[in-house]
Amino acid sequence: MTAYPHLFSPLTLGRVTLRNRLMVPALTTNFAEPDGSVGDALIGYLVERACGGFGVIVTENIGVHPSGRVMPRMVMADRDDYLPGLARLADRVRQAGAILIGQISHAGRQTRSRTTGLPLVAPSPIPCPLNREMPRELTLAEIGELEKSFIDTACRLAAAGFDGIEIHGAHGYLVGGFLSPYSNIRRDAYGGGLDNRLRFLRTIIRGIRSKLGHDFPLLVRISAEEFVDGGLDLAQSVEIASRLEAEGIHALSVSVGVYGSFNKVSMITGEPEGQWLELAGQIKARTRLPIVGVGRIKRAAVAEAAIAAGRIDIAAFGRASIADPDIPRKIRRGREEDIHWCLGCNMCLGRSARPQTICPMNPLVGREDGLLRAGRAPASRKVLVDGSCLAALSAAWAAAVRGHRVTVVETDSDRGGMQALRARVPGQEEHAEVLSAARRRAVRAEVRFVSRTEASTGEDAIWRVRRFEPIDRRRLDARRGAMSSYDLLASGVPLPLAKRVTVLGDDLASAEAALVAAARGARVTLVTSSGAIATDAHPGYREVSRRRLRQLGAEIITGADVMPENGGLVVVGHDPSLSYDSPESWSFPTGEATAYLSDAYEPGAFTRGVYEAVDLAISFDCKVRP
């Protein structure tokens with residue numbers, strides 16, 4: 001692989017050799033069975049990525065004790081009766097050519113007692129700032145029991161055929177909770193100085209090595225920077241890495257953050273790719289440990305450069321591997337343009353539509369063994385899709401794969417739908433890349449694209465696009481010359497330098513309309529009736545939008561229901577009384593339709609539209625319309 005020689009070179013960890021340096025890191029999926037066992041959904045999901053060419057697969061966090069469950073459908077390995085499913089997973093991943101690492105974890109204080117069914121436990125009685133439930137401080141005897149639980153779980157995974165173990169010491173969970181003075185204020189042998197705070201992890205490492213041998217691959221994941229007052233910083237993490245190297249671990253996975261700084265962990269659209277690789281490089285420069293780098297890695301060029309520069313040894317393609325499990329195979333075949341790029345929308349983390357992992361670019365995630373692979377439709381029908389938003393492109397692709405003859409009708413004005421509007425927002429240009437990938441996927445499935453004047457007749461199904469536009473129509477109609485936030489985003493209205501623009505709305509579209517106006521040189525005031533901006537979106541978008549607006553000199557007024565009388569252009573956004581299910585929220589196209597596809601601006605809403613569209617295409621009953 002001459003284009004990326006470092007990325008596609010082998011690497012030995014203990015007794016195993018990775019076929020390349022591309023990793024699927026631990027990513028929560030909720031694909032475990034309700035009892036915590038491994039079933040077909042999780043196996044299908046991980047095997048798909050092994051078949052796609054990733055050299056090493058790390059499972060999501062596997063529970064070592066019931067008190068450490070972090071979600072209801074968490075993979076558990078605290079009892080021998082979980083072994084059959086774990087063994088089937090290990091066997092299937094091995095057959096697909098990847099190395100399987102099991103991440104073992106206990107949530108500590110960063111969970112809820114209603115999830116565990118037990119009181120929360122932690123190094124110290126300090127509540128998680130997000131969950132806000134007081135944990136009980138572990139006794140020395142309980143600490144010993146949990147150390148044994150980690151060791152026993154590692155042995156259980158090895159017996160099931162796993163190739164290695166990763167101890168989750170990052171993100172503020174129990175092991176990380178012991179490591180950090182932010183969450184560990186004990187005054188005994190497990191608290192105080194670094195040696196004492198390392199005792200829990202060191203005991204687990206030594207126990208695993210004594211049971212499984214020194215060549216059994218053992219990794220540890222840490223947060224190099226916790227980004228909270230009193231938390232771990234790079235200097236402390238370098239010292240932790242040095243001491244872990246002395247313990248004989250085989251690699252260190254370097255992440256960042258805890259629940260109190262969650263937006264640092266879950267970066268969003270527009271944030272830099274490979275943002276935390278410099279921190280990983282600082283640790284690598286001070287140890288001889290192989291280093292796994294994380295942080296919005298989705299392009300081979302970013303990973304290759306980091307490995308070539310000696311900052312990391314393995315690149316973790318996290319959310320990117322959800323969006324496209326075939327990234328390594330496409331790279332090797334010189335088909336990078338066919339990759340379905342991760343958008344960074346964080347639907348896979350927020351799960352606003354479904355409890356399981358979801359992805360607007362890959363609506364088949366977690367159901368890899370069924371649906372489109374079930375076979376072609378019993379009869380091929382003609383389908384016309386009127387519009388080319390992401391939901392429309394996804395429906396067209398799915399229907400064509402099922403064997404239908406699909407035509408997409410579009411005009412220059414509606415090309416790409418509301419995701420094309422977002423592509424015009426500073427920092428959100430990735431939406432254009434996502435639309436292009438979805439369009440190429442449809443073309444490869446033999447979907448035809450025509451203009452409205454070229455559209456034929458006689459279709460068996462007509463699917464038209466409706467738009468989710470929950471605008472405050474009362475305010476809009478009351479202001480002469482006012483425009484909606486969507487109209488501003490779509491129009492490219494020229495704004496003379498220093499023109500005053502007031503935007504009223506608490507949703508993402510309002511915040512980004514204000515951002516577009518400010519970037520064009522207007523003096524912008526964003527007014528929301530709630531206490532925040534972009535309230536319908538992932539918290540990361542709120543933080544980034546606020547920061548960018550302030551950089552452009554925009555004023556933000558929250559908790560105000562009255563728009564200030566300062567003249568200029570008035571832009572009206574969200575009506576808080578309208579929801580996705582409100583009929584008044586939707587703008588419908590003209591013309592006959594056998595079904596509607598849903599386009600929306602905010603990622604949670606447009607992801608829901610994608611899933612509804614694909615489900616429609618898959619379940620299309622092939623009956624000729626009356």
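Residues numbered from 1 in each chain as written. Predicted model: local features only at pLDDT ≥ 70, side-chain atom pairs only at ≥ 80, totals over all residues. Heavy atoms only, no water.

**Structural notes on the packing of helix H4 (residues 140-160) against helix H7 (residues 199-212)**
Then step 1. For the pair H4 and H7, interaxial distance at closest approach is 9 Å and the crossing angle is 35°. In this structure, H4 meets H7 at a crossing whose hand is right-handed. Counting all contacts with H4, which are made through Ile143, Leu146, Glu147, Phe150, Ile151, Ala154, Cys155 and Ala158, the residues of H7 involved are Arg199, Phe200, Thr203, Ile204, Gly207, Ile208, Lys211 and Leu212. (Axes fitted to C-alpha atoms, helices over the stretch in contact; angles between N-to-C directions. Helix = DSSP H or I, 4+ residues; strand = E, 2+ residues; numbered from the N terminus. Left-handed = near helix turned anticlockwise from the far one by under 90°. Contact = heavy atoms within 4.5 Å.)

**Topic: the pairing of strand S19 (residues 500-504)**
Then step 1. Summarising burial for S19: four of the five residues are buried, a large majority.
Then step 2. In this sheet, strand S20 (residues 523-527) lies alongside S19 in parallel orientation, the contact comprising five bridges. Among the inter-strand pairings, Thr502 is bridged to a residue of S20, identified as Thr525.
Then step 3. A crossover connection joins S19 to the parallel S20 through helix H20 (residues 508-519); in handedness this β-α-β unit is right-handed.
Then step 4. For S19 and strand S22 (residues 569-572), the ladder comprises four bridges, and the chain directions are parallel. Paired with Leu504 across the strands is Val572, a residue of S22. (Buried < 20%, exposed > 50% of the residue type's maximum accessible area, 1.4 Å probe, protein only. Pairing = 2+ DSSP bridges. Right-handed = clockwise from strand over helix to strand, strands pointing away.)

**Quick word on the environment of Val294**
Then step 1. In this fold, Val294 is placed in the loop between strand S12 (291-293) and helix H11 (300-308).
Then step 2. On the accessibility criterion, Val294 (8% relative accessible area) is buried.
Then step 3. As for Val294 and Ile327, which are separated by 33 residues in sequence, their C-alpha atoms are 16 Å apart.
Then step 4. Sequence-distant contacts of Val294, that is, excluding residues within four places in its chain, are made with Arg221, Ser253, Val254, Ser255, Trp276, Leu277 and Ala316.

**Let's talk about a nonpolar patch on the surface**
Then step 1. Where nonpolar side chains cluster on the molecular surface, the patch consists of Leu130, Phe262 and Leu349 and spans about 240 Å² of accessible area.
Then step 2. One can find Leu130 in the loop between strand S7 (121-122) and strand S8 (136-137).
Then step 3. For Leu130, a relative accessible area of 45% translates into the label partly exposed. (Patch = residues over 30% accessible without salt bridge, like charges linked within 9 Å, V, L, I, M, F, W, Y side chains within 5 Å. Areas by Shrake-Rupley, 256 points an atom, 1.4 Å probe, with all protein chains shown as cover. Salt bridge = Lys/Arg side-chain N within 4 Å of Asp/Glu carboxyl O.)

**Some words on the confidence of the model for the protein chain**
Then step 1. In the predicted model, the protein chain carries a mean pLDDT of 93, and the fraction of residues at 70 or more is 96%.
Then step 2. Considering only residues more than four positions removed or in separate chains, one finds that residues 622-626, a stretch of pLDDT under 50, has 14 contacts. (pLDDT = per-residue confidence, 0-100.)

**A word on the pattern of salt bridges**
Then step 1. Counted according to the given criterion, the structure contains 37 salt bridges.
Then step 2. For the salt bridge of Asp152 with Lys148, the shortest nitrogen-to-oxygen distance reads 2.6 Å. Here Lys148 and Asp152 lie together in helix H4, a separation of four residues that amounts to about one turn.
Then step 3. The partly exposed category is assigned to Asp152, whose relative accessible area is 25%.
Then step 4. Notably, a salt bridge pairs Arg202 with Glu247, separated by 3.4 Å at the nearest N-O pair. Of this pair, Arg202 sits in helix H7 while Glu247 is found in the loop between helix H8 (234-246) and strand S11 (251-255), placing the two residues 45 residues apart along the sequence. Each member of the pair, Arg202 as well as Glu247, is classed as buried.
Then step 5. Among the charged side chains, a salt-bridge network with shared partners connects Asp195, Arg202, Arg206, Glu239, Arg243 and Glu247.

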